[in-house]
Every structure is written in structure tokens, then in C-alpha cells.
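# Results of the structural survey
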Amino acid sequence: MRVLIINPNTTAAMTATIVDAMAPHFPAGTDILAETAPFGPPVIASRAGFAIAAHAVLEAYAPYHGRVDAAVIACFGDPGLAALRALSGIPVTGLLAASLQAVSGSRFGIVTAGAAWKDMLCEQIALSGGKDDCAGIEILSGNGLDVRNDPDGALVQISAAAKRLQAQGAEKVILGGAAMAGLAERLDFAAVDCLQAGAEAVFATGAMPRETQPPGSKGLAAALQSLLDG
């Protein structure tokens, strides 16, 4: 089985970190490919950045169409998830979707970074039907790159945030964000690692029938244009 990990931001070093964190959790023998977004922000921290990242995910995937059996969108907000599922015709998951599967049936809380994410995640959780099970979302100071650059400082914030969520009734705490790779194992409580959840969920995710786009799109990379045209 071949899986493509797509990093929707343009920080290539983060792509390498993501692959290292996810690799042990795929089934034995999985061939892992990885691609970094060809354009967009170095860290997704706004609605505009999220919209750009969704397009970048499709561009990143297009050259691999027919060469991989599944794909993971390695961003906790899952930019482009529904579109890539429909365009690719293969199992695709994102870190948020996989994490929500991992906590299904439990009351949960989320710790993530980036102030803009709180409303966006609330919207996506509501669409998934998990709103009533969400005890809250705690936002760390700074953004994902800040977490990656200062993991020790992030751990202090995460521990405090988790205690607040547990006080609000959270049975499980999700570490939401690729920048938190490897931090779950350094905590003194059990946390859901979104990267591990993504690796464990992707091959169990059902594929959607593939859609094509009527011809006439302009300005797209050749591989994506070809894929859209079917």
C-alpha cells in the first residue's frame, strides 16, 4: 500500500517532521510518499490561508493520482478534505476528521495553536455532528511554527490547557496540529495525537465516487487541470 502525506503549508521542514511522526503508525510495509504545498502560507493561521491551502492540497495531490492508494491531509483543519475525497476516488482523511473518529462516543476537548482556528474548528466539528461532545477548545499563544520552535514552552501551555478542559468534562484531549508531533508522549496524561490518529484511520476510510469538473478552468497546474478534466 502506498500513502501520500500532504503538508498543506509550505514549510518543508514540517513535512519531514510529520513523516517521522506518522511513519510508525501506518501498517507494516506501507510505502510513504510526502509532498509539501507548492504555494501558500508557511503556517495556516487565517481563513484566507485555509482557503489557499485547500487549493494547494489539490495541486500537491494531482501528480500522484493513480500512484497512491490513500492520502492524509496533514493539517488539523483538513483544508480541501471533501474536495480531495471527491476528486481522487481513494481513501483520504485529515487530522481533524481522524481525531474525531478516535474520540467518538467520548466527551473531548482540543488544544491547538492559532487564534483564528477556534471558530473554524467549531464550525467543522458542528458539520461533523460532534458539537454536543466537545467540551471546549483551548488556544495556545502563537501559532504552529511557534510551537515547533519552542516545544518545551508549548508543553507547559498544553498541560495547563488540558487541565482546564478536563475541568469542563473532557474525557479525552486532542492535541490538534502537526506542529505538536511527538509532544503527546511527553505529557503526564493520555492525549490523542492527531498525527497518529490520521495514520491509523486512513486505510479504514471509505473512498468516494470520483467527480470531474466540466472543462474550462484556467490558470491551474497542468496535472490538476488534467485530473479535473478526467
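Let me sum up the structure you'll find in this document. Values in this document were obtained by computation on a predicted structure and should not be read as measured data.

### Focus: the overall build of the protein
Regarding its fold elements, the protein presents 9 helices and 8 strands. Here the C-alpha coordinates of the protein stretch approximately 55 × 35 × 30 Å along the principal axes. Of the contacts formed within the protein by residues at least 6 apart in sequence, a portion of 70% connects residues at least 24 apart. As displayed, the protein offers around 9900 Å² of accessible surface, 52% of which is attributable to carbon and sulfur atoms. Here the protein contributes 14 positive and 21 negative side-chain charges, whose respective centroids are spaced 3 Å apart.

### Side note on the nonpolar core
Residues V111 and I158 are the most contacted members of the largest nonpolar core, which totals 55 residues. Take this core: its biggest share by element is 6 residues, from helix α7 (residues 151–167). Contacts of I158, omitting those with residues within four sequence positions, involve V111, L140, L175, M180, L183 and L187. If you look at the next biggest cluster of nonpolar residues, it comprises 21 residues, including A62, Y64, L84 and A97.

### A look at helix α3 (residues 81–88)
Side chains three or four residues apart in an α-helix point the same way, a direct result of the helix having 3.6 residues per turn. Looking at α3, one finds that the buried residues are L81, L84, A86, L87 and S88. Elements that come into contact with the buried residues of α3 comprise β1 (2–7), α2 (47–61), β3 (70–73), β4 (92–94), α4 (95–102) and α9 (222–229). A positive backbone phi angle near 70 degrees is found at G89, which sits one or two residues after α3.

### Focus on the layout of surface pockets
Leftover empty space is mapped by rolling, across the atoms, a probe with the size of a water molecule. Estimates place the volume of the largest pocket at around 400 Å³. In terms of lining residues, the largest pocket is bounded by 22 residues, among which A97, L100, Q124, L127 and S128 are the most central. Contributing elements (two or more residues each) for the lining of the largest pocket: α3, α4 and α5 (117–128). Here the residues of the lining of the largest pocket sort into 10 nonpolar, 9 polar and 3 charged.

Thresholds, definitions, all that
Residues numbered from 1 in each chain as written. Predicted model: local features only at pLDDT ≥ 70, side-chain atom pairs only at ≥ 80, totals over all residues. Heavy atoms only, no water. Helix = DSSP H or I, 4+ residues; strand = E, 2+ residues; numbered from the N terminus. Contact = heavy atoms within 4.5 Å. Areas by Shrake-Rupley, 256 points an atom, 1.4 Å probe, with all protein chains shown as cover. Lys, Arg positive; Asp, Glu negative; His and termini not counted. Charge placed at Lys NZ, Arg CZ, Asp CG, Glu CD. Core = buried A, V, L, I, M, F, W, Y, C linked by side-chain atoms within 4.5 Å. Buried < 20%, exposed > 50% of the residue type's maximum accessible area, 1.4 Å probe, protein only. 1 Å grid on protein atoms, 1.4 Å probe; cavity = no way out; pocket = protein on both sides within 12 Å on 5 of 7 lines; lining within 4 Å. Points joined across faces, edges and corners; volume = space filled by probe spheres on them. Nonpolar A, V, L, I, M, F, W, Y, C, P; charged D, E, K, R; others polar.

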